[in-house]
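Structural description and commentary
Listed below are the residues making up each chain.
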Amino acid sequence: FIKGDCLDQLSPKDLEEVMSFSILYNLGLCHHVLALAQVRWRGRFDMQGESCTASLRRAIACYEYAHDILSSCQVLGEADLIHSLLAIANNLGHAHYYLQDEDKARVCFERIWSILMYVQTEDIVLTVHVSATEGTRLPLSLEGFLCNASYHCITGSVLAAPAA
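A brief structural summary.

Definitions and cut-offs
- Residues numbered from 1 in each chain as written.
- Predicted model: local features only at pLDDT ≥ 70, side-chain atom pairs only at ≥ 80, totals over all residues.
- Heavy atoms only, no water.
- Helix = DSSP H or I, 4+ residues; strand = E, 2+ residues; numbered from the N terminus.
- Buried < 20%, exposed > 50% of the residue type's maximum accessible area, 1.4 Å probe, protein only.
- Salt bridge = Lys/Arg side-chain N within 4 Å of Asp/Glu carboxyl O.
- Core = buried A, V, L, I, M, F, W, Y, C linked by side-chain atoms within 4.5 Å.

What to know about the environment of Arg106
Summarising the element assignment, Arg106 is placed in helix α4 (residues 102-121). Arg106 sits in the partly exposed class, given a relative accessible area of 36%. Spatially, the C-alpha atoms of Arg106 and His96 are 8.8 Å apart, while their sequence positions differ by ten residues.

Right under this line is the structure:
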């Protein structure tokens, strides 16, 4: 979320927070994708498959730790913070859904709705970096988050895969 040329401008504490968040989020994503690959290989989600369940639980733990770091991080801009919160809520909801914990999945997808409503009512324009070397930013598409949260609220199922 932070361009490489900005890292030398961060204090050691801020750099530690940003790096810790990035590492934990991406480690969670690795465990999440590993679990989905195991599901695809088996052709169905098998709760007896210990490795799938363990991978999803590790993903959840990493996402939750990343969220804790994000809660105290002061260096991210509003757009990057919102994007990160949406991605974490989406991925947690997805993982809880596959672990058949409907209550926790519902809370996560409702969190997406709350964040999207905040973005709408505050008229916030979300953008993402398209290049690490240029200052170019493009509008962030919220369609994936919106579709996944809507689909879950309507059907109780999920559509999209984890947000990278």
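Looking at the pattern of salt bridges
The tally for this structure, following the rule as stated, stands at four salt bridges. In this structure, Lys13 and Glu17 form a salt bridge, with 2.8 Å as the shortest nitrogen-oxygen distance. Placement of both Lys13 and Glu17 in helix α1 (residues 12-42) is noted, with a separation of four residues, approximately one turn of the helix. Among the residues examined, Glu17 registers a relative accessible area of 10% and is labelled buried. Between Arg106 and Asp103 there is a salt bridge, with the nearest N and O atoms lying 3.5 Å from each other. Remark: Asp103 and Arg106 occur in helix α4; sequence separation between them is three residues, near one turn of the helix.

Description of the nonpolar core
Core analysis: the largest hydrophobic core is formed by 31 residues, its most contacted members being Phe21, Tyr25, Tyr63 and Ile88. Going through the elements one at a time, α1, α2 (50-72), α3 (78-98) and α4 are the ones with two or more residues in this core. When residues in this core are grouped by element, the largest group, eight residues, is from α3.

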